[in-house]
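# Close look at the chain arrangement
What follows is the residue order along each chain.
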Amino acid sequence: MSRTFFILAIVAALVLMLFYGWLAFNWQSRPFLGVMYSQTLTIEGVYAMSADPWPAFEAGMRPGDRIVGIGLGQSLDADYRVASKQLNDFLLSKYPSAPVMLRIERPLVEGVEATRDHVFCEDAPAEGAPATGGVEKVPCTVNFQLAAFPIVDFLIQFVVGYAVGVAFLALSLIILRRFWNQPVARTIGALSLVMAVLVAGIFDVYTTQVLSATLLPVSVVIVGGLLQGLFLNFPSPLVLVKRRPWLRYVPVILTLAVGVAVLVSAAISNAETFWQPWDFAAVYLLASIVVLVLGLVRRLRWAISPSIRDKCGIVLSTSLLTVVPLLVWIVSDAVQAAFPDQNLSFHFSLVTPFLYLFTLGFFYAIAQER
C-alpha cells in the first residue's frame, strides 16, 4: 500500500469522523422519542445510563416492539427505509415535552402481560398479524411525552466512543509515521484507521442511521481482513508466506468477496433481514479473530526466537483484556433479550476503550524493535 493510498484513507477517515460528529450533535438537539430503535423501527435493548428516565420506556415500551403508526390516522410505510424517514420527519416537526401517541406491534411473550403502564394492547393478535419466527404480535398503542436526550447519556453513548475513535486515529498516524518501513506496521496502522471510523460511528446504528447499514458492517469486514493479514505477517511473515508470496492476497480476495456480499445483502434487505449484513460481517470478523489468536498461540509456543515469543505474548495479553469486557457486553445483551422488561443493558460504548488496548498491544510489540 502506497503513501498516496494512506493519505487518501486518512483524509476520508477525518471527513467521516467530522460528519459523524455533526450528525450526532444535530440528532441530540432534536426531540427524543425515549427509546433507541433500529432502522426497521424495532425498539432495541439500549437503556438510559443516567438517572434521567426515557419517556417511551417509562410509558411501558420494551425491546422488540415495532413502531407501525403515528396517532390514530398515519400508518408508516411498509418499506422500513421510507417508514424510518417518516418517523424522523415527524420528530423534527415536534418539540421536547410534546405529547405523542404511537401504534406498535408487540411480540407476545409467554408469562409477560402485553398491556402495561401506558401501553394498551388488544386481547389477542389481530387476524393476519405478522409473525416472525413463529412469534405472534398484538397491535398496541402507547401515549407519552417527548423529551430532550439527556446530556449524560449523550456523553456515555456518543462522546466516549467518539473520543476512542479519535485515539485510534492518532495511534494510526503515529504508527504510520514512525514505522512506515515495516510492512506489518502499515497493516496495524490501517487497522487503527478503520477502527477509528467504526468506533466513532457506532452511535449511528440506533440514532441517525445514515451509514449503519453499509459503511459500518463493511468496516467490520475490513477489520477481519486486516486481522488475517496480521495472522500471515505478525510478528514476521509465516514460512509458508515466504515460500508462496501470493498467499498475502488471500485476505484481500476474501474481504472483497464478503464486503460485496454485505453490500448486496444491505441493498435487498427488508425489515426481517435488516441485520443480515451485520451477521455476515460479524461471522467473518469472529473467524478472523479465531485464526489470529490460534496463530499467535502457536508462535508463542513453538517460535525459536525470544523476540517473536515476546511480541506474541504482548498481543495475547492485551487481547485478553479486550475480550473480558466484550464478553460482559455479549452476556448482558443476551440476558436483556431474554428478560425484556429488565434494564440489564451494558452499553457498547463502555467496551470501546478496551478495543483500543488490542491495537495498542500491536503498537507496543512493534515498538520493541526500535
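Residues numbered from 1 in each chain as written. Predicted model: local features only at pLDDT ≥ 70, side-chain atom pairs only at ≥ 80, totals over all residues. Heavy atoms only, no water.

### Concerning the overall build of the protein chain
The number of helices and strands found in the protein chain is 11 helices and seven strands. The C-alpha atoms of the protein chain give 23 Å as radius of gyration, which agrees with the globular expectation for 370 residues (21 Å, within 12%). Of all 370 residues assigned to the protein chain, the portion counted as buried reaches 49%. Contacts in the protein chain between residues far apart in sequence, at least 24 positions, make up 72% of those at least 6 positions apart. When the accessible surface of the protein chain is split by element, carbon and sulfur atoms take 66% of a total near 17,900 Å². In the protein chain, 24 positive and 23 negative side-chain charges are present, and the distance between their average locations comes to 24 Å. (Helix = DSSP H or I, 4+ residues; strand = E, 2+ residues; numbered from the N terminus. Rg over C-alpha atoms; globule rule 2.2 N^0.38 Å. Buried < 20%, exposed > 50% of the residue type's maximum accessible area, 1.4 Å probe, protein only. Contact = heavy atoms within 4.5 Å. Areas by Shrake-Rupley, 256 points an atom, 1.4 Å probe, with all protein chains shown as cover. Lys, Arg positive; Asp, Glu negative; His and termini not counted. Charge placed at Lys NZ, Arg CZ, Asp CG, Glu CD.)

### Re the state of the cysteines
Under the criterion given, the structure shown has one disulfide. At a sulfur-sulfur separation of 2.0 Å, the disulfide partner of cysteine 121 is cysteine 140. The chirality of the disulfide connecting cysteine 121 with cysteine 140 is right-handed, given an S-S dihedral of about 105 degrees. Here cysteine 121, found in strand β5 (residues 119-121), pairs with cysteine 140, found in strand β6 (residues 137-145); they are 19 residues apart in sequence, far enough to count as distant. According to the relative accessible area criterion, cysteine 121 is buried, its value standing at 14%. Residue cysteine 140 is classed as buried on the basis of its relative accessible area of 3%. (Disulfide = S-S within 2.5 Å.)

### Topic: the environment of proline 217
Secondary-structure assignment places proline 217 in helix α6 (residues 215-233). Overall, proline 217 belongs to the buried group, its relative accessible area being 0%. Distance from proline 217 to aspartate 279, taken between C-alpha atoms, is 8.7 Å for residues 62 residues apart in sequence. Not counting the four nearest positions on each side in its chain, proline 217 is found in contact with Ser212, Val262, Pro277, Trp278 and Ala281.

### A word on the packing of aromatic side chains
We describe a pair of aromatic rings using the distance from one ring centre to the other and the angle between the two ring planes. According to the stated counting rule, one finds 27 aromatic pairs in the structure shown. With 5.4 Å between their ring centres and 85 degrees between their planes, phenylalanine 6 and tryptophan 180 make a pair best called edge-to-face. Of this pair, phenylalanine 6 sits in helix α1 (residues 3-28) while tryptophan 180 is found in the loop between α4 (151-178) and α5 (183-201), placing the two residues 174 residues apart along the sequence. Ring geometry for phenylalanine 32 and phenylalanine 149: centres 4.7 Å apart, planes at 75 degrees, overall edge-to-face. (Phe/Tyr/Trp six-rings, centres within 6.5 Å; stacked < 30°, edge-to-face > 60°.)

### A look at the confidence of the model for the protein chain
Of all residues in the protein chain, 91% attain a pLDDT of 70 or more, and the chain-wide mean is 89. Taking the mean pLDDT of every element in the protein chain, the minimum, 86, falls on helix α10 (residues 306-338) and the maximum, 96, on α6. Confidence drops under pLDDT 50 across residues 126-133; counting only partners more than four residues distant or on other chains, this segment forms nine contacts. (pLDDT = per-residue confidence, 0-100.)

### Details of the packing of α5 against helix α11 (residues 352-367)
Viewed as axis vectors pointing N to C, α5 and α11 meet at an angle of 165 degrees, and their least axial separation amounts to 10 Å. What the angle tells us is that α5 and α11 run roughly antiparallel. Considering the relative orientation of α5 and α11, their crossing is left-handed. On the side of α5, the interface is formed by Val184, Ala185, Ile188, Leu191, Ser192, Met195 and Val199, while α11 contributes Thr352, Leu355, Phe358, Thr359, Phe362 and Ile366. Considered class by class, the residues forming the contact of α5 with α11 number 10 nonpolar, three polar and no charged. (Axes fitted to C-alpha atoms, helices over the stretch in contact; angles between N-to-C directions. Parallel < 35°, antiparallel > 145°, perpendicular 65-115°, else oblique. Left-handed = near helix turned anticlockwise from the far one by under 90°. Nonpolar A, V, L, I, M, F, W, Y, C, P; charged D, E, K, R; others polar.)

### Details of the side chain of threonine 40
The residue threonine 40 is located in the loop between β1 (31-32) and α2 (55-59) in this model. A polar contact is formed between the side chain of threonine 40 and the side chain of serine 38, at a distance of 2.8 Å. Non-local contacts of threonine 40, meaning those with residues more than four positions away in its chain, are made with Arg66, Tyr80, Ala271 and Phe274. (Polar contact = N/O pair within 3.5 Å; in protein donor to acceptor, adjacent residues only side chain to side chain.)

### Some details on the side chain of threonine 322
Tracing the chain through its elements places threonine 322 in helix α10. Here the side chain of threonine 322 touches phenylalanine 354 through a polar contact of 2.8 Å, landing on its backbone oxygen. For threonine 322, the contacting residues outside a window of four places in its chain are Phe354, Leu355, Leu357 and Phe358.

### Overview of the pairing of β6
Sheet analysis places strand β4 (residues 99-107) next to β6, joined by nine bridges and oriented antiparallel. Across the sheet, proline 99 pairs through a bridge with glutamine 145, a residue of β6. In terms of strand pairing, β5 meets β6 through three bridges, oriented antiparallel. Its bridge partner lying in β6, cysteine 121 is registered against cysteine 140. (Pairing = 2+ DSSP bridges.)

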